Amino acid sequence: MTSPPRRPRPLPLPPPPPLLFLDVDGPLLPFGATSAELPDGYPTYGTRPDANPLLARLDPALGPRLLALPCELVWATTWMADANAWVAPRIGLPELPVVSWPDPSEEVRAHHPGPALLHRVDPRFGLTPPDFTALAAWLRGQVTAHRAVNLCRTDSAEGRPRSAGSQ
């Protein structure tokens, strides 16, 4: 009697890409800089007359830079689904998944056993080239574990992430 032919073992699936939880207020829509920090005010990139005037601060160059990062982008913002309606099209992002995100550091400690980077973006200036450098370096180092990155604004006086429910 012959044994049945052996089936080749399937190749293991590659790990999923890291998740980047993206806030709007602060990282994409900077606010709070003083006139001494930005004497000419925030740069503007145009907006429609029916839109929130703060949307003019959305730098369209941020979308391609975010898409170039080796991760999956997810909205984690009090804007919720409005981020897909009002923000994504202005910076060239596709529709992204939306999650309700409580205090980022608490959530990561409680529910995320793998490596995680809670990258704090200064809300006065939004995402800057050094932020992208730090994110890209961290993401390049994450090749095997389930990973998450959260881009959140900070309480500028204390340098702590603000909770998603606060304004």
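It should be emphasised that the depicted structure is a prediction, and the values quoted were computed from it without experimental measurement.

Enquirer: Which parts of the structure should I look at to understand the overall build of the chain?
Expert: Within the chain, the secondary structure is distributed over four helices and five strands. When the helices and strands of the chain are read in sequence order from the N terminus, they spell out β-α-β-α-α-β-α-β-β. Expressed as a percentage of its 167 residues, the buried residues of the chain come to 40%. Sequence-distant contacts, at least 24 apart, represent 70% of the contacts inside the chain between residues at least 6 apart.

Enquirer: Just to check I follow, could you spell out the pattern of salt bridges for this structure?
Expert: Side chains that differ in sign of charge can pair as their charged atoms come close. One pass over the structure, following the stated rule, counts two salt bridges. With its nearest N and O atoms 2.3 Å apart, the salt bridge here joins Glu37 to Arg124. On the criterion of sequence distance, the pair formed by Glu37 in the loop between strand E1 (19–22) and helix H1 (62–68) and Arg124 in the loop between strand E3 (116–121) and helix H4 (129–140) is long-range, its members being 87 residues apart. Classification of Arg124 as partly exposed rests on a relative accessible area of 25%. When salt bridges with common partners are traced through the structure, they connect Glu37, Asp122 and Arg124 into a single cluster.

Enquirer: Teacher, can you tell me more about the side chain of Asn84 here?
Expert: In this fold, Asn84 is placed in helix H2 (residues 82–91). A polar contact is formed between the side chain of Asn84 and the side chain of Trp75, at a distance of 2.9 Å. Contact partners of Asn84, with chain neighbours within four places excluded, come to Trp75, Pro89, Pro94, Glu95, Leu96 and Val98.

Enquirer: Honestly, the environment of Leu96 in this entry has me stumped. Any pointers?
Expert: On the secondary structure map, Leu96 appears in the loop between H2 and helix H3 (104–111). By relative accessible area, Leu96 is classed as buried at 9%. In sequence terms Leu96 and Glu72 are 24 residues apart; their C-alpha atoms lie 8.9 Å from each other. Once residues lying within four places of it in the same chain are set aside, the contact partners of Leu96 are Leu73, Trp75 and Asn84.

Enquirer: Help me understand the packing of aromatic side chains in this model?
Expert: Given two aromatic rings, one states the distance between the centres and the angle between the planes to describe the pair. One pass over the full model with this rule turns up zero aromatic pairs. Above the face of the Phe132 ring, Arg65 is positioned so that its terminal group lies 4.2 Å from the ring centre.

Enquirer: How should I be thinking about unusual backbone geometry in this particular structure?
Expert: The general pattern is negative phi for most residues beyond glycine and trans for most peptide bonds. Within the chain, Met80 stands out as a residue other than glycine whose phi angle is a positive 50°. With respect to the helices and strands, the residue Met80 is situated in the loop between strand E2 (72–75) and H2.

Enquirer: Could you clarify how one ought to interpret the nonpolar core in this entry?
Expert: A general tendency of soluble globular proteins is for nonpolar side chains to be buried together. Of all hydrophobic cores here, the largest spans 29 residues; its most connected members are Leu28, Leu66, Leu69, Trp75, Val87 and Leu93. Take this core: its biggest share by element is five residues, from H4. Residue contacts for Val87: discarding those within four places in its chain leaves Val24, Leu28, Leu55, Leu58, Trp75, Trp79 and Asp82.

Enquirer: Looking at this structure, how should I read the confidence of the model for the chain?
Expert: The predicted coordinates ought not to be read in detail in places where the model reports low pLDDT. Predicted confidence across the chain gives a mean pLDDT of 82, with 82% of residues reaching 70 or more. Ranking the helices and strands of the chain by mean pLDDT puts H1 first, with 97, and strand E5 (residues 160–161) last, with 42.

Enquirer: I would appreciate a short explanation of H2 in the present structure.
Expert: An α-helix turns once per 3.6 residues; consequently, residues spaced three or four apart project the same way. The complete set of buried residues in H2 reads Ala83, Asn84, Val87, Ala88, Arg90 and Ile91. Residues of H2 that are buried make contact with H1 and E2.

Enquirer: Help me understand H4, please; the structure alone is not making it clear to me.
Expert: A rise of 1.5 Å per residue sets the reference length of H4, with its 12 residues, at 16 Å; its end C-alpha atoms lie 16 Å apart and thus fit the reference within 8%. Among the residues of H4, those classed as buried are Asp131, Phe132, Leu135, Ala136, Trp138 and Leu139. Buried positions in H4, seen along its axis, are confined to an arc of 165° and lie on one side of it. Of the exposed residues in H4, those oriented more than 90 degrees away from the buried face are Pro129, Pro130, Thr133 and Arg140.

The rules we used
- Residues numbered from 1 in each chain as written.
- Predicted model: local features only at pLDDT ≥ 70, side-chain atom pairs only at ≥ 80, totals over all residues.
- Heavy atoms only, no water.
- Helix = DSSP H or I, 4+ residues; strand = E, 2+ residues; numbered from the N terminus.
- Buried < 20%, exposed > 50% of the residue type's maximum accessible area, 1.4 Å probe, protein only.
- Contact = heavy atoms within 4.5 Å.
- Salt bridge = Lys/Arg side-chain N within 4 Å of Asp/Glu carboxyl O.
- Polar contact = N/O pair within 3.5 Å; in protein donor to acceptor, adjacent residues only side chain to side chain.
- Phe/Tyr/Trp six-rings, centres within 6.5 Å; stacked < 30°, edge-to-face > 60°.
- Lys NZ or Arg CZ within 6 Å of the ring centre and 35° of its normal.
- Core = buried A, V, L, I, M, F, W, Y, C linked by side-chain atoms within 4.5 Å.
- pLDDT = per-residue confidence, 0-100.
- Expected span 1.5 Å × (residues − 1).
- Arc of directions from axis to C-beta.

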